[in-house]
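Listed here are the chains, written in short residue letters.
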Amino acid sequence: MFVMQVRAYFFATATLLGLVACSSPSPAVVSATPTNPQGDQSARPSIEEDTAVTTGLRPSGQPILLANTTDFSSWNLPDRDLPGHGHSLWSASVSDNSEWEISYRRVTEQKEGQLTLRGTEEDGVASKRYSHEAFAAASSQASEVSPNTKVLFNKRYTYWGQVLQLVDKGAEVQYVSNGQLKQTVVAIEELLVVHVSIDRLGTVVVWREGERWLGGSTVLATNTGVYVVGDSHQLYFLSKDQLIANDQHKHQVGDRVLARSKNSKQWQPATIKEVVKNHAAYVITNEANEVHTLDWAHIFRVPAISQ
């Protein structure tokens, strides 16, 4: 019944939203910085003539392929007044192997809005990641953080958490790792407060692609669409109408929800089986009768199909 409701909702609204089902398991990519400007113009992203638009891309369900991971000069991104070299920032950044992530990293170089960030360290040598000021956010302030605030933080990996209480050294945060609820203390300036609006860095969203639900986190909203880092570590530029943001709803036992599958990039219907620690996490049962403990960010109340 739940799956039928999901399908009925999207078939009824497909025309209005302009969603296009994608039947290919490996969608093509759009080049944000074409390597052959004089080549086939039909293969290049469409450029809006309105100079107020902050990007030349048009929304697409296809991931963006970079010709150069270190150069964002042709993206027409807005400037931001952010601390650069020597400071740590939350940002959406890309590695040399074209994998995107949202994380808290130190800026090692800043030039004309473009950022080089310190990556992971291996054998004493740190790799590099690349971003732009438009894809970054300043550190959180103490006034933004209180008990139950939803946050992102880094502890080797990036985690979604919920503040339990404020302590002398920062905030005690609850989060889920390997299916277990854990706690750690994080400095306030190392937290990114997670909002419910798609125009903020780090908002958790889902969208429909054919018969699949996909998810990710927002990066930057423009006049024509929204940059999103998907669970697949690819960068997308999607229509605002496609995206449903996590409204941080406090789910109850028995609620029908949409949940990210364990060890999967897809989301599927599930039922809340248990509420954990003031809604910091939930135990869910999916349609395969698998039981998982998930953090609040990977549980969605989706309009029109949540009842």
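Residues numbered from 1 in each chain as written. Predicted model: local features only at pLDDT ≥ 70, side-chain atom pairs only at ≥ 80, totals over all residues. Heavy atoms only, no water.

Draft legend 1. The arrangement of the side chain of Gln-242 in detail. With respect to the helices and strands, Gln-242 occurs in the loop between strand S16 (235-238) and strand S17 (244-245). A distance of 3.0 Å separates the side chain of Gln-242 from the backbone nitrogen of Ser-239, its partner in a polar contact. (Helix = DSSP H or I, 4+ residues; strand = E, 2+ residues; numbered from the N terminus. Polar contact = N/O pair within 3.5 Å; in protein donor to acceptor, adjacent residues only side chain to side chain.)

Draft legend 2. Broad picture of the nonpolar core. Counting 45 residues, the largest nonpolar core has Trp-75, Trp-100, Phe-135, Val-219, Tyr-227 and Leu-235 as the members making the most contacts within it. Not counting residues up to four positions away in its chain, the partners in contact with Leu-235 are Pro-63, Ile-64, Trp-75, Trp-100, Phe-135, Val-219, Tyr-227, Val-228 and Val-229. (Core = buried A, V, L, I, M, F, W, Y, C linked by side-chain atoms within 4.5 Å. Buried < 20%, exposed > 50% of the residue type's maximum accessible area, 1.4 Å probe, protein only. Contact = heavy atoms within 4.5 Å.)

Draft legend 3. The arrangement of the layout of surface pockets in detail. Taken as a whole, the largest pocket spans an internal volume of roughly 1400 Å³. Every residue lining the largest pocket is counted, 42 residues in all, and those nearest its centre are Tyr-157, Thr-158, Tyr-159, Trp-160 and Arg-260. Residue contributions to the lining of the largest pocket peak at six residues, all from strand S4 (residues 100-111). Considered class by class, the residues forming the lining of the largest pocket number ten nonpolar, 21 polar and eleven charged. (1 Å grid on protein atoms, 1.4 Å probe; cavity = no way out; pocket = protein on both sides within 12 Å on 5 of 7 lines; lining within 4 Å. Points joined across faces, edges and corners; volume = space filled by probe spheres on them. Nonpolar A, V, L, I, M, F, W, Y, C, P; charged D, E, K, R; others polar.)

Draft legend 4. Expanded view of the packing of aromatic side chains. Throughout the structure, instances matching the rule amount to 14 aromatic pairs. When the centroid spacing of 4.9 Å and the interplanar angle of 55° are considered together, the rings of Tyr-159 and Tyr-175 count as tilted. Here Tyr-159, found in strand S9 (residues 157-167), pairs with Tyr-175, found in strand S10 (residues 170-177); they are 16 residues apart in sequence, far enough to count as distant. Residue Tyr-159 shares its accessibility class with Tyr-175, and that shared class is buried. Taken together, the ring pairs in this structure connect Phe-72, Trp-75, Trp-100, Phe-135, Tyr-227 and Phe-237 into an aromatic cluster. Its end group placed over the ring of Trp-296, Lys-150 keeps NZ or CZ at 5.7 Å from the ring centre. (Phe/Tyr/Trp six-rings, centres within 6.5 Å; stacked < 30°, edge-to-face > 60°. Lys NZ or Arg CZ within 6 Å of the ring centre and 35° of its normal.)

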